[in-house]
Amino acid sequence: MSHTTCTLIPERCIACGLCAVYAPQVFDYDEEGIVLFKEEPHAKKQFIPTDESTSVLKAYQKCPVRAIVIE
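## Quick word on the packing of aromatic side chains
The tally for this structure, following the rule as stated, stands at one aromatic pair. Stacked on the ring of tyrosine 60, the Lys or Arg arginine 66 has its end atom at 4.7 Å from the ring centre.

What follows is the structure, encoded as structure tokens:
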């Protein structure tokens, strides 16, 4: 079973909030609305738990500026 790795590119983020709508357990945002990881706000890369991979994939697909990268 391979792990899903998610990388954030906050400088691309336009603060639309869709990531936190689709994967609220994984994504949050700072006071400017820029994406960050809920559990590790200062991290730019994180392994995604298997039970969250579907919602994270959905957030990735819905992000209009590709501020979320899935590997």
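## Description of empty space enclosed by the protein
Counted according to the given criterion, the structure contains one cavity of 30 Å³ or more. Approximately 90 Å³ is the volume attributed to the largest cavity. Forming the walls of the largest cavity are 14 residues, and the residues nearest its centre are Cys13, Cys16, Gly17, Cys19 and Cys63. Of the residues belonging to the lining of the largest cavity, the class tally is 13 nonpolar, one polar and no charged.

## Overview of unusual backbone geometry
Within the chain, alanine 15 stands out as a residue other than glycine whose phi angle is a positive 60°. One can find alanine 15 in the loop between strand 1 (4-8) and helix 1 (18-22). Note on alanine 15: relative accessible area 34%, which makes it partly exposed. Of note in the backbone geometry, arginine 66 takes a positive phi value of approximately 55° without being a glycine. Along the polypeptide, arginine 66 turns up in the loop between helix 2 (53-62) and strand 5 (68-70). Residue classification places arginine 66 among the partly exposed positions, given a relative accessible area of 36%.

## Notes on the state of the cysteines
Tallied over the full model, the rule gives zero disulfides. Just so you know, cysteine 13 is unpaired, no disulfide at all, and the nearest cysteine sulfur is the one on cysteine 19, 6.2 Å from it. Accessibility expressed as a relative area gives 16% for cysteine 13, which makes it buried. The thiol sulfur of cysteine 16 is not disulfide-bonded, and the nearest other cysteine sulfur, from cysteine 63, lies at 5.9 Å.

Here is what the cut-offs are and how they apply
Residues numbered from 1 in each chain as written. Predicted model: local features only at pLDDT ≥ 70, side-chain atom pairs only at ≥ 80, totals over all residues. Heavy atoms only, no water. Phe/Tyr/Trp six-rings, centres within 6.5 Å; stacked < 30°, edge-to-face > 60°. Lys NZ or Arg CZ within 6 Å of the ring centre and 35° of its normal. 1 Å grid on protein atoms, 1.4 Å probe; cavity = no way out; pocket = protein on both sides within 12 Å on 5 of 7 lines; lining within 4 Å. Points joined across faces, edges and corners; volume = space filled by probe spheres on them. Nonpolar A, V, L, I, M, F, W, Y, C, P; charged D, E, K, R; others polar. Helix = DSSP H or I, 4+ residues; strand = E, 2+ residues; numbered from the N terminus. Buried < 20%, exposed > 50% of the residue type's maximum accessible area, 1.4 Å probe, protein only. Disulfide = S-S within 2.5 Å.

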